[in-house]
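# Observations on the three-dimensional arrangement
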Number of protein chains: 2
Amino acid sequence: MIFRSDVEAARTRIGSRVRTTPVLHTGGLWLKLEQFQHTGSFKARGAFNRILAAAEQGALPAVGVIAASGGNAGLAAAHAAREIGIPAEVYVPETAPEVKVARLRALGASVVQAGREYAEAYEAATKRVADTGALFCHAYDQPEICAGQGTVALELEEQTGGVDTVLVAVGGGGLMAGIAAALEGRSRVVAVEPRDCPSFHAALAAGQPVDAEVSGVAADSLGARRTGDIAFTVARRTGVRSLLVGDDDVVAARRALWEGYRIAIEHGTAAAYAALLTGAYRPSPGERVAVICCGANTDPADLTERH
Amino acid sequence: MIFRSDVEAARTRIGSRVRTTPVLHTGGLWLKLEQFQHTGSFKARGAFNRILAAAEQGALPAVGVIAASGGNAGLAAAHAAREIGIPAEVYVPETAPEVKVARLRALGASVVQAGREYAEAYEAATKRVADTGALFCHAYDQPEICAGQGTVALELEEQTGGVDTVLVAVGGGGLMAGIAAALEGRSRVVAVEPRDCPSFHAALAAGQPVDAEVSGVAADSLGARRTGDIAFTVARRTGVRSLLVGDDDVVAARRALWEGYRIAIEHGTAAAYAALLTGAYRPSPGERVAVICCGANTDPADLTERH
């Protein structure tokens, strides 16, 4: 469980180790351009908070940190560890694309390829944590990770003077949890998922986190099969609303952000904007709405019409 | 000739018809993200100012505006005319790519293909202006155009509290002129060109605008063969400094902005950042430097390493 005070503490702790990302205000809408963050997504916020919180408590082992992710969470853990000056070991499946492995290595991480699926890499990582005493950086379901991600909402609040509604794409729910905790009682938070990655929607329907089938264009960033416990608890407490959009809507939203604004983001991120474009979320007249553009670890080659 | 007061008047005139584009502050550097402007470049500022200034003087003909450009200036004129509710006719060479013609038409412009080179399209446009009394929107060499572009510097000043130095890429010089006029006596302005598009550098060397050979990766946006008279006069008066960078540096700078920040811009724009990366411009310790990211009408397909 986390609260706004945890997010405020995270912000103090992280300080200038993360970029204050700008907002673009246009047509009554605020776009929070968090894709400009170190390593291309919001995940750097949580990784720094996790590691620095451990250091504060004298619980940062010299052996360093371990993460299990071939995506944004792995990049963020590797970056944060390098900046803080400790080793990082990142577990990915043997099927991870070479370009992702190379990117992790370029950030100084040791990459361990284990198993054929993410779940196996995750198991290997947790076993290694137990064996070595390294600090585990979960991709979303740890209080310090969630609180760190939430710092993006404190920035947004200062930059906009506060908004009525924040639309955010949801995978495992770490970012949603942090934002919902930060803005509890202040702003409505709307969690948007592709219909083919509906873990949070399924959790709300079931009354608890449950496994969901995940696939589609955004599965690489939003494909967590089960919403985190922290995310679910915070979302229920704060009344986060869940919306679904189609993969076609996600593709169209991503292209619309390029065509209309020259903003390049990954498919998962575009889900949040798709909720506006499709009318899945319809703001009231005068409603102050923000969309979190949370990542751009994408190949921009298919942004233009000729592709 | 233009002065800061002209830029201030332009800003009042244009009002909220252009986007206030955000800045990203990172590592002591400010990146002004003007590529998010309507139609993907700063050119919308000048086009609105040119048309609205004519309207103020009762000199806006019902026949509308004419521009000669298959690039950013044409898009901006078409957009501004449509927003203001008058026709736009845009002259391009017969060799203009279909995608550019389609984009102009999508903005509601009549596209006239005339001649095999830009110079011939320009001649046809000016003849048509003489025949019809339409308002000509030059790509760079009109006071209202230059003053409009300069409004980006007034925004930058407010957003940063003022900087010591502004690095800006230069084609015909309209943006440079506007910025230099806006920041005269306040900030140093450094004009950066690719060695293969050295019109401004050649003008300074010759003591007046002269024709230069233009080619290379940035020629589509910076390929004006001759610096505008206004740009030259303002640059001399305000002491704009000229720097050259190589095409390879431009390509590397464009990729570095993607790799490090997930900012996608066109080659011409990247020239300004290249001056920093190469050390062609070396800031003093503590110097406050801004780079204008002025356009992103680019195919982002070649931003990633696999291309």
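Criteria and thresholds
All residue numbers refer to position in the chain's written sequence, counted from 1. By the order in which they are written, chains take letters starting at A while ligands take numbers starting at 1. In view of the model being predicted, local features appear only for residues whose pLDDT reaches at least 70, and side-chain atom pairs are presented and counted only at 80 or more, with totals across whole chains, interfaces and linings using the full set of residues. Think of the side-chain values as coming from all heavy atoms in the structure, minus any hydrogens and water. A residue counts toward the fit only if its pLDDT is at least 70 in both copies, and the copies are then superposed by least squares on the C-alpha atoms of those residues. Note on contacts: a residue pair is in contact if any heavy atoms of the two residues lie within 4.5 Å. Domain start and stop points were drawn from an automatic or database domain assignment. When two parts are put together, the accessible area they lose, computed with a 1.4 Å probe and summed over both, is reported as buried area. The salt bridge definition used is simple: a Lys or Arg side-chain nitrogen within 4 Å of an Asp or Glu carboxyl oxygen. Residues with no salt bridge and a relative accessible area higher than 30% make up the patches, which join like charges within 9 Å and nonpolar side chains (Val, Leu, Ile, Met, Phe, Trp, Tyr) within 5 Å. Throughout, the Shrake-Rupley method with a 1.4 Å probe supplies accessible areas, and for residues the shown protein chains are the sole cover considered. Charge assignment in this entry is limited to Lys and Arg as positive and Asp and Glu as negative, and neither His nor the chain termini are counted. Here the site of a charge means atom NZ of a Lys, CZ of an Arg, CG of an Asp or CD of a Glu. We count a stretch as a helix when DSSP gives it H or I for four or more residues in a row; a strand needs E for two or more, and each element gets its number in order from the N terminus. Using a 1.4 Å probe on the protein chains alone, a residue whose accessible area is under 20% of its type maximum counts as buried, one over 50% counts as exposed, and one in between counts as partly exposed. When DSSP finds two or more bridges between a pair of strands, those strands are recorded as paired. The angle between two axes is taken between their N-to-C directions and runs from 0 to 180 degrees, where each axis is a line fitted to C-alpha atoms and a helix contributes only its stretch in contact. Counted as a polar contact is a pair of N or O atoms within 3.5 Å, where, for protein atoms, one must be capable of donating a hydrogen and the other of accepting one, and residues adjacent in sequence contribute only when both atoms are in side chains. A clockwise path from the first strand over the helix to the second, with the strands pointing away from the viewer, defines a right-handed crossover.

To continue, consider the relation of the copies chain B and chain A. In screw terms, the move from chain B to chain A is a rotation of 180° and a rise of 0.0 Å along the axis, fitting with an RMSD of 0.0 Å. Both copies are brought into coincidence by an operation consistent with a two-fold rotation axis. Using C-alpha coordinates, one finds that chain B approaches the rotation axis most closely at Ala-301 of chain B, a distance of 1.8 Å. A shared interface surface links the copies, since 100% of the contact residues of chain B are contact residues in chain A too.

Before going further, it helps to examine the domain arrangement of chain A. All names here are of chain A. When its domains are assigned, chain A resolves into domain 1 (4-41 + 147-302) and domain 2 (45-143). Distance from the C-alpha centre of domain 1 to the C-alpha centre of domain 2: 23 Å. Every contact between the two is made by 32 residues of domain 1 and, on the other side, 20 residues of domain 2. Summing the contributions of domain 1 and of domain 2, the shared interface buries around 2000 Å²; its carbon and sulfur component is 51%. A per-residue breakdown of the area domain 1 buries against domain 2 is headed by Arg-13, Arg-17 and Thr-39, which together make up 32% of the total. Counting across the interface, domain 1 meets domain 2 through three salt bridges. One salt bridge in this structure joins Arg-45 and Glu-34, with 2.6 Å as the shortest N-O distance.

Moving on: a negative patch on the surface. Residues and elements named next belong to chain B. Residues Glu-94, Glu-117, Glu-120 and Glu-123 make up a contiguous surface patch of negative charge. Tracing the backbone shows Glu-117 in the loop between β5 (110-113) and α5 (118-132). Owing to a relative accessible area of 48%, Glu-117 belongs among the partly exposed residues under this scheme.

Residues and elements named next belong to chain B. Ordered in space as β1-β2-β10-β7-β8-β9, the six strands form an open sheet in which the pairing is mixed. The two strands at the open ends of the sheet, each matched to only one other strand, are β1 (23-26) and β9 (241-245). Across this sheet, the average inter-strand angle for adjacent strands is 25°, counted without regard to direction. Two elements, β1 and strand β2 (residues 29-33), share four bridges in a ladder whose sense is antiparallel. Bridge pairing in β2 links His-25 to Trp-30.

Once that is clear, we can look at the interface of chain B and chain A. Taken together, the contact pairs 29 residues of chain B with 29 residues of chain A. For the pair chain B and chain A, the summed buried area comes to about 2300 Å², and 58% of that belongs to carbon and sulfur atoms. Looking only at chain B, the three residues that lose the most surface to chain A are Arg-19, Phe-36 and Arg-262 of chain B, adding up to 28% of its buried area. At the junction of chain B and chain A, the tally comes to zero salt bridges. Across the contact surface, chain B and chain A share six residue pairs in polar contact (both at pLDDT 80 or more). If you list the elements that add at least two residues to the side of chain B that touches chain A, you get β1 and α11 (247-261) of chain B.

To continue, consider the sheet that holds strand β8 (residues 188-194) of chain A. Residue and element names in this part refer to chain A. With respect to topology, six strands assemble into an open sheet ordered β1-β2-β10-β7-β8-β9, the strand pairing being mixed. Looking along the sheet, the strands with just one partner apiece sit at the ends: β1 (23-26) and β9 (241-245). For this sheet, the mean angle separating the axes of adjacent strands, direction not counted, is 25°. Its contacts with the sheet put helix α6 (residues 143-160) on β1, β2 (29-33), β7 (165-169) and β10 (289-293), and the angle it makes with β2 is roughly 135°.

A few words on the pairing of strand β7 (residues 165-169) of chain B. Residues and elements named next belong to chain B. Of all five residues in β7, five are buried, a share of seventy percent or more. Residues of β7 alternate between two faces, with Thr-165, Leu-167 and Ala-169 on one and Val-166 and Val-168 on the opposite face, all of them buried. By the bridge criterion, five bridges tie β7 to strand β8 (residues 188-194) in an arrangement that is parallel. Within β8, the position partnered with Val-166 by the bridge is Val-189. In terms of handedness, the path from β7 via helix α7 (residues 174-182) over to β8 forms a crossover that is right-handed. In this sheet, strand β10 (residues 289-293) lies alongside β7 in parallel orientation, the contact comprising three bridges. Looking across to β10, one finds that Thr-165 is bridged to Val-289.

Residue and element names in this part refer to chain B. Of all seven residues that make up β8, six are buried, and the element is covered over most of its length. In terms of strand pairing, β8 meets β9 through five bridges, oriented parallel. Paired with Val-190 across the two strands is Arg-241, which belongs to β9.

Within α7 of chain B, nine of the nine residues are buried, leaving the element largely enclosed by the surrounding structure. For α7 of chain B, the complete set of buried residues consists of Gly-174, Leu-175, Met-176, Ala-177, Gly-178, Ile-179, Ala-180, Ala-181 and Ala-182 of chain B.

Now for the pattern of salt bridges. Opposite charge on two side chains lets them pair, provided their charged atoms get close. For the structure on display, the rule yields 28 salt bridges over all chains. In this structure, Asp-211 of chain B and Arg-226 of chain B form a salt bridge, with 3.0 Å as the shortest nitrogen-oxygen distance. Taken together, the residues span a long stretch of sequence, with Asp-211 of chain B in the loop between α8 (199-206) and α9 (219-222) and Arg-226 of chain B in the loop between α9 and α10 (229-238) at a distance of 15 residues. Take Asp-211 of chain B: its relative accessible area is 52%, and that puts it in the exposed class. A relative accessible area of 41% means that Arg-226 of chain B is categorised as partly exposed. Sharing partners across several salt bridges, the network here consists of Arg-4, Glu-8, Glu-157 and Arg-186 of chain A.

Residues and elements named next belong to chain A. The residue Ala-272 is located in helix α12 (residues 267-277) in this model. Between the C-alpha atoms of Ala-272 and Val-210, which are 62 residues apart in sequence, the distance is 22 Å. Residue contacts for Ala-272: discarding those within four places in its chain leaves Leu-167, Val-168, Ala-169, Val-192, Val-291 and Ile-292.

As a further point, take unusual backbone geometry. With a phi angle near 65°, Thr-39 of chain A is a residue other than glycine that sits in the positive phi range. Within the element layout of this structure, Thr-39 of chain A appears in the loop between β2 and α2 (43-56).

Residue and element names in this part refer to chain B. Topologically, Gly-295 is positioned in the segment after β10. Under the relative-accessibility criterion, Gly-295 is labelled buried at 0%. In the structure, Gly-295 is positioned 26 residues away from Thr-269 in sequence and 5.9 Å away in space, judged by C-alpha atoms. Once you skip the residues sitting within four places of it in the chain, Gly-295 turns out to touch Gln-35, Gly-40, Ser-41, Ile-265, Glu-266 and Thr-269.

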